[in-house]
Amino acid sequence: MNIKPIRTEADYQASLARVAELMDARVGTPEGRELDILADLIELYESKTIQMGHPSAVAAIQFRMEQGGLSQRDLIPFIGSRAKVSEVLSGKRQLTLPMARALHEHLGIPSAVLLKQGSVKAADDDVEWTKFPLQEMAKRGWIPKGRNLSDHAEELVRSLMKRAGCTDLAVAAMYRKNDYARANAKTDQFSLQAWCLQLLSMANAERPSSPYRAGTITLDFLRKIARLSWSAEGPRLAKELLARNGIPLIILPHLPRTHLDGAAIKLDDGTPVVGLTLRYDRLDNFWFCLLHELAHVGRHMGEGSDASFVDDLTLRNSSSVRHDPRETEADEWAEEACIPRDTWEASEVRYHPTPMAVVSLAKSLQIHPAIVAGKVRYELNNYRLLTHFVGSGEVRRQFGVEA
């Protein structure tokens, strides 16, 4: 992003042209942030130099309504509700950038008009801050404890956002509308947002000394990670290896109503972060979830990508969820890194899952028997099998995380 102050008419016209190009940019992307900054610069320049010219945003909307025979009801899809439409047209509510984008795209109102003279405010201004799980966040030390937290909800959440390196809430994955996301429909979005912000905050505080290099995460790298499971201290060793390669691995227990196993999200400088909740504290779950999120980093979060992933892995075979092909690809890499398909199909354990067969296959692949046992349990959809192999309670112990 190379943005310069607007000091001349030529600068002004170039900025307006650039804004027109960026009107379809998604909130939270580099282009979206550039649009925010340009809108502020244009407003500042106009306030100092332009006395007459474009009509106000409200006047332009009213003109287009009259021209097209539109009612206030017709504006609801672009502004959000009957009440919001009324407040915008009466001047009691400013437009947000998503509103401005929609009005520009669907009604053809020039972006220069919609963005001028303070017409647009940050999208976060419409957030119902008190819906965040403030009491639970304070209990966990994510925000300061105190009475009447709801009276200071915006201040407290914005402080967490600052530590997370987020300029607005749309940065986190919960606001990415995606019909294919492997996220539970019962998820409370404010709780998920709070978890994502705390994850990024912790990652900022634990940045690895080595920078992340794009292309580091390959299938061979995942196989190297999987083989660390052979050690009794495998999870801790995996965290150390990832840190040496510039990737923070953060263990952060889930919040109620998040239905969350793991996530892969980027910091503001593009560093990928992997977060695991240990919702199911078993070694087999830890290794598959870790490799799944790392597969997202390697396959779907390259340079220039703003993709983020939050995963409820219990939905892998759910028929009620439309599956994103990227989730299937992440599963494939995670499975292949643990137990190559050819090896699995030729293995005795697939048909006769005896303890001896589990140990034999694990030894030949130099992976923990929990991974083999977990594969058997998943394939057979029988989670009463081989329970003594899956390492219940082992992962939290290694990371010093309370249940």
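Summarised in this report is the structure supplied together with it.

What counts and what doesn't
Residues numbered from 1 in each chain as written. Predicted model: local features only at pLDDT ≥ 70, side-chain atom pairs only at ≥ 80, totals over all residues. Heavy atoms only, no water. Helix = DSSP H or I, 4+ residues; strand = E, 2+ residues; numbered from the N terminus. Buried < 20%, exposed > 50% of the residue type's maximum accessible area, 1.4 Å probe, protein only. Contact = heavy atoms within 4.5 Å. Areas by Shrake-Rupley, 256 points an atom, 1.4 Å probe, with all protein chains shown as cover. Core = buried A, V, L, I, M, F, W, Y, C linked by side-chain atoms within 4.5 Å. Salt bridge = Lys/Arg side-chain N within 4 Å of Asp/Glu carboxyl O. Pairing = 2+ DSSP bridges. Axes fitted to C-alpha atoms, helices over the stretch in contact; angles between N-to-C directions. Parallel < 35°, antiparallel > 145°, perpendicular 65-115°, else oblique. Left-handed = near helix turned anticlockwise from the far one by under 90°. Phe/Tyr/Trp six-rings, centres within 6.5 Å; stacked < 30°, edge-to-face > 60°. Lys NZ or Arg CZ within 6 Å of the ring centre and 35° of its normal.

When you go through the chain residue by residue, the secondary structure sums to 18 helices and six strands. Of all 403 residues assigned to the chain, the portion counted as buried reaches 49%. Excluding contacts between residues fewer than 6 apart, the proportion of contacts in the chain whose partners are at least 24 apart in sequence is 70%. Total accessible area on the chain is roughly 19,900 Å²; 49% of this is exposed by carbon and sulfur atoms.

Membership of the largest hydrophobic core comes to 54 residues, with the highest contact counts inside it found for Ile 225, Leu 276, Leu 290 and Leu 294. Those elements that place two or more of their residues in this core are α11 (219–227), α12 (234–244), β3 (249–251), β5 (272–276), α13 (283–300), α14 (325–338), α16 (355–365) and α17 (369–380). Residues in contact with Ile 225, not counting those within four places in the same chain, are Leu 241, Leu 242, Trp 287, Leu 290, Leu 291 and Leu 294. Counting residues in each nonpolar core, the second largest holds 35 residues, with Val 127, Leu 134, Ala 153 and Ala 194 among its members.

Turning our attention to the pattern of salt bridges. Inspection of the entire model under this criterion finds 21 salt bridges. Asp 268 is the salt-bridge partner of Arg 207, the closest N and O atoms lying 3.3 Å from each other. One end of the pair, Arg 207, is in the loop between α10 (189–205) and α11; the other, Asp 268, is in the loop between β4 (262–266) and β5, with 61 residues separating them in the sequence. Take Arg 207: its relative accessible area is 36%, and that puts it in the partly exposed class. A relative accessible area of 52% places Asp 268 in the exposed class. Between Arg 316 and Glu 335 there is a salt bridge, with the nearest N and O atoms lying 2.5 Å from each other. Highlighted residues: Arg 316 in the loop between β6 (309–311) and α14 and Glu 335 in helix α14, separated in sequence by 19 residues.

Further remarks concern the pairing of β4. Summarising burial for β4: five of the five residues are buried, a large majority. Burial of β4 is two-sided: the residues Gly 262, Ala 264 and Lys 266 facing one way and the residues Ala 263 and Ile 265 facing the other way are all buried. Bridge count between β4 and β5: five bridges; the pairing is antiparallel. The residue bridging Gly 262 from the neighbouring strand is Leu 276, located in β5. Bridge analysis of β4 against β6 gives three bridges, and the strand direction is antiparallel. Bridge assignment links Gly 262 to a residue of β6, and that residue is Asp 311.

Of the positions making up helix α6 (residues 97–107), those classed as buried are Leu 97, Met 99, Ala 100, Arg 101, Ala 102, Leu 103 and Leu 107. Positioned one or two residues after α6, Gly 108 has a phi angle of 70°, which is positive.

In this section: the packing of α16 against α17. Between α16 and α17, the least distance of the axes is 8 Å, while the angle of their chain directions is 125°. If you check the angle between α16 and α17, you find them oblique. Seen from above, α16 lies across α17 with right-handed handedness. Residue-level contacts link Val 358, Leu 361 and Ala 362 of α16 to Pro 369, Val 372 and Ala 373 of α17.

Further remarks concern the sheet that holds β4. Strand order in the open sheet formed by four strands is β3-β5-β4-β6, and the pairing between neighbours is mixed. If you trace the sheet from one side to the other, it starts and ends with β3 and β6, each paired once. Taking the axes of each pair of neighbouring strands and ignoring which way they run, one obtains an average angle of 20° across the sheet. Lying on the sheet, α13 is in contact with β3, β4, β5 and β6; it crosses β5 at an angle near 160°.

Right, let's get into the packing of aromatic side chains. Counted according to the given criterion, the structure contains four aromatic pairs. On the basis of an interplanar angle of 85° and a centroid distance of 5.1 Å, the ring pair of Phe 132 and Phe 190 is categorised as edge-to-face. With a gap of 58 residues between them, Phe 132 in the loop between β2 (120–121) and α8 (134–139) and Phe 190 in helix α10 connect regions that are remote in the sequence. We classify Phe 132 as buried; its relative accessible area is 3%. Their ring planes at 40° and their centres at 6.1 Å tell us that Phe 286 and Phe 399 sit as a pair that is tilted. Residue Phe 286 is located in helix α13, and its partner Phe 399 is located in helix α18 (residues 394–399); the two are separated by 113 residues in the primary sequence. Aromatic ring contacts, followed pair by pair, group Trp 129, Phe 132 and Phe 190 into a single cluster. Stacked on the ring of Tyr 378, the Lys or Arg Arg 316 has its end atom at 3.9 Å from the ring centre. The side chain of Lys 375 reaches across the aromatic face of Trp 344, ending 5.4 Å from its centre.

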